[in-house]
Amino acid sequence: MTDADQLATATGPRLADVGWRLGEGADDLAEALTSFLDGLARPPRLLGLGEPTHLAEELPLLRNRVFEQLVEHAGYRSIALESDCLAALTVDDYVAGGPGELDEVVAAGFSHGWGAAPSNRELVAWMRSWNAAHDPDDRLRFAGFDGPLEIASAPSPRAALLGAHGFLAAHVDPALLPAHAATIERLAGADDRWARSEAMMDAARSMGGDPEVAELRLIADDLLGLFVSQLPELVAATSARAVDRALLHARTAAGLLRYHATMAVDSPRRMSRLSGLRDAMMADNLAALVEAESDRGPTLVYAHNTHLKREISTMQLDWGPFTEKMLWWGAGAITATRLGEDYAFVAMTVGCGPERGLGAPEPRTVEGELAALGEGPVLVDARRFAAALRASSRRPVAREDTTTDRGYFGFDPEHLGSVQGIVHVERIGPMIPSPY
């Protein structure tokens, strides 16, 4: 063994061998991202960037810098966030130069209360400014890929159904429509009866098993079929983009109705089933976005690591009457199965968050090994990082320290072989205020 080998064994991975420091300058970040992408088997059509917890501004602010450089240097022209897919249309219109005030747009265009995050406000403002300086054919697109769902409730499908129905009614023979708009309104009834939070806890309080829901599910399915059967006429009369938007409403309506029907079933796997349906909606929205954007450039998708990883997701739920070991396939796992190497995933990790009760990582964890690479955010090639750990006879262990942040998940060292990269941030601050 050479002196260099002995040093590597003693000290573990070195940043020069496994990755790049993400410095303050745009040039440093651009060089790191370009080098990382060049090392992949092929340029991905969809690049996932995950965060290990929500409401930590250090992470989406870094996301903004990453997206800016991907736009400037790698041809990316769209970004998708873990936010309501229908509400996000308001943001997409605004960044394209549409009317509205920034504060109002971010308040209406983000779900989960995330319009309150300064990082999201900054992203929307930057995209609008970039689009104003470029040709319309080269504009940046903003998308949400989550359903219009919150953890404690699910909304009425009425608006989504009427959006899809209204588009079809304007462009096809009325005799082809499966129902009148008035029928949808009558069957859906008042919106507030769908969004009752007690229905999440008690299957008997859900209206998902009502006969009206079964009728609406058939209508939603027929509307989706009508889109496909009339696709040439619809695109010729409007545009592929307009049809995509209308189809988004139809998919969302069908997904919401499926979700409500599952809420009405009393099952020991209740939350696993609901989480799986939510991520299936996410995956379908990503598939449609990637297909629509394929001629313009790759897409960056940003969400919790749990939604973007390739492995099955798991979480212990202790909430009210529910005690369940949840297991479900996330949108990233579904998307990776569909896209193969056209999907690449970079997970984010954090070192500590004292205000969240998260201390410094133990040295033998993945986070500890990444922290040893030096100060500042770093991006590592996961394969090279794993190889360096093996060469130094270091086998990382799972992080087991506790935290008051229930949304935080440490990086599982068993997943090193299934991510393309890791971005490590040394420290995060307290959760930003959120109305959610």
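Coordinates for the structure precede this section.
Bear in mind the structure is a predicted one, so any value in this text is a computation, not a measurement.

Asker: Which residues make up the environment of Ala344, and what values do they have?
Answerer: Along the chain, Ala344 turns up in strand S8 (residues 343–352). Taking the C-alpha atoms as reference points, Ala344 and Leu40, separated by 304 residues in sequence, lie 8.5 Å from one another. Those residues in contact with Ala344, other than ones at most four positions away along the chain, are Leu40, Pro44, Leu46, Leu47, Gly48, Arg310 and Gln420.

Asker: So what about unusual backbone geometry? Which residues, and what values?
Answerer: A positive phi angle, near 60°, is found at Leu55, a position not held by glycine. Within the element layout of this structure, Leu55 appears in the loop between strand S2 (46–51) and helix H4 (58–74). Residue Leu55 is classed as partly exposed on the basis of its relative accessible area of 21%. Residue Ser393 is not a glycine yet carries a positive backbone phi of 55°.

Asker: Give me the layout of surface pockets: which residues, what numbers.
Answerer: Taken as a whole, the second largest pocket holds about 470 Å³ of empty space. Taken together, 25 residues make up the lining of the second largest pocket; nearest its centre are Asp244, Leu247, Arg251, Ala288 and Leu289. Contributions of two or more residues to the lining of the second largest pocket are made by helix H5 (88–95), strand S4 (141–146), helix H11 (211–229), helix H12 (231–237), helix H13 (240–263) and helix H14 (270–293). Broken down by element, the residue count for the lining of the second largest pocket peaks at 6 residues, all from H13. Within the lining of the second largest pocket, the residues separate by chemical class into 18 nonpolar, 2 polar and 5 charged.

Asker: Requested: an account of the nonpolar core, with residues and values cited.
Answerer: Ranked by internal contacts, the top residues of the largest apolar core, which has 47 residues, are Phe142 and Val423. It is H4 that provides the largest number of residues to this core, a total of 6 residues. Those residues in contact with Val423 that sit more than four places away from it in its chain are Leu22, Leu49, Leu62, Val346, Ala347, Met348, Thr349, Val378 and Leu379. Counting residues in hydrophobic clusters, the runner-up holds 34 residues, among them Val301, Ala303, Val366 and Val378.

Asker: Please provide a residue-by-residue account of empty space enclosed by the protein, values included.
Answerer: Within this structure, the stated rule accounts for 4 cavities of 30 Å³ or more. In this structure, the largest cavity occupies an estimated 180 Å³ of space. Secondary-structure elements contributing two or more residues to the lining of the largest cavity are H4, strand S3 (78–84), helix H7 (118–132) and strand S5 (299–304). Considering only residue class, the lining of the largest cavity consists of 10 nonpolar, 3 polar and 4 charged. Empty space within the second largest cavity amounts to approximately 100 Å³. As for the second largest cavity, its lining consists of 13 residues, of which Leu33, Leu49, Val66, Val346 and Val423 are closest to the centre. Of all elements in the fold, only helix H3 (26–38) and S2 reach the threshold of two or more residues within the lining of the second largest cavity. A per-element tally of the lining of the second largest cavity places H3 first, with 4 residues. Considered class by class, the residues forming the lining of the second largest cavity number 12 nonpolar, 1 polar and no charged.

Asker: Before we move on, could you go through the pattern of salt bridges and cite the residues and values that matter?
Answerer: The tally for this structure, following the rule as stated, stands at 28 salt bridges. Between Arg141 and Glu293 there is a salt bridge, with the nearest N and O atoms lying 3.4 Å from each other. Here Arg141, found in strand S4, pairs with Glu293, found in helix H14; they are 152 residues apart in sequence, far enough to count as distant. The class of Glu293 is buried, set by a relative accessible area of 4%. Among the charged side chains, a network of salt bridges with common partners joins Arg42, Arg45, Glu291, Glu341 and Asp342.

Each value, and the rule that gives it
Residues numbered from 1 in each chain as written. Predicted model: local features only at pLDDT ≥ 70, side-chain atom pairs only at ≥ 80, totals over all residues. Heavy atoms only, no water. Helix = DSSP H or I, 4+ residues; strand = E, 2+ residues; numbered from the N terminus. Contact = heavy atoms within 4.5 Å. Buried < 20%, exposed > 50% of the residue type's maximum accessible area, 1.4 Å probe, protein only. 1 Å grid on protein atoms, 1.4 Å probe; cavity = no way out; pocket = protein on both sides within 12 Å on 5 of 7 lines; lining within 4 Å. Points joined across faces, edges and corners; volume = space filled by probe spheres on them. Nonpolar A, V, L, I, M, F, W, Y, C, P; charged D, E, K, R; others polar. Core = buried A, V, L, I, M, F, W, Y, C linked by side-chain atoms within 4.5 Å. Salt bridge = Lys/Arg side-chain N within 4 Å of Asp/Glu carboxyl O.

Keep in mind that these numbers describe shape and distance, not what the molecule does.
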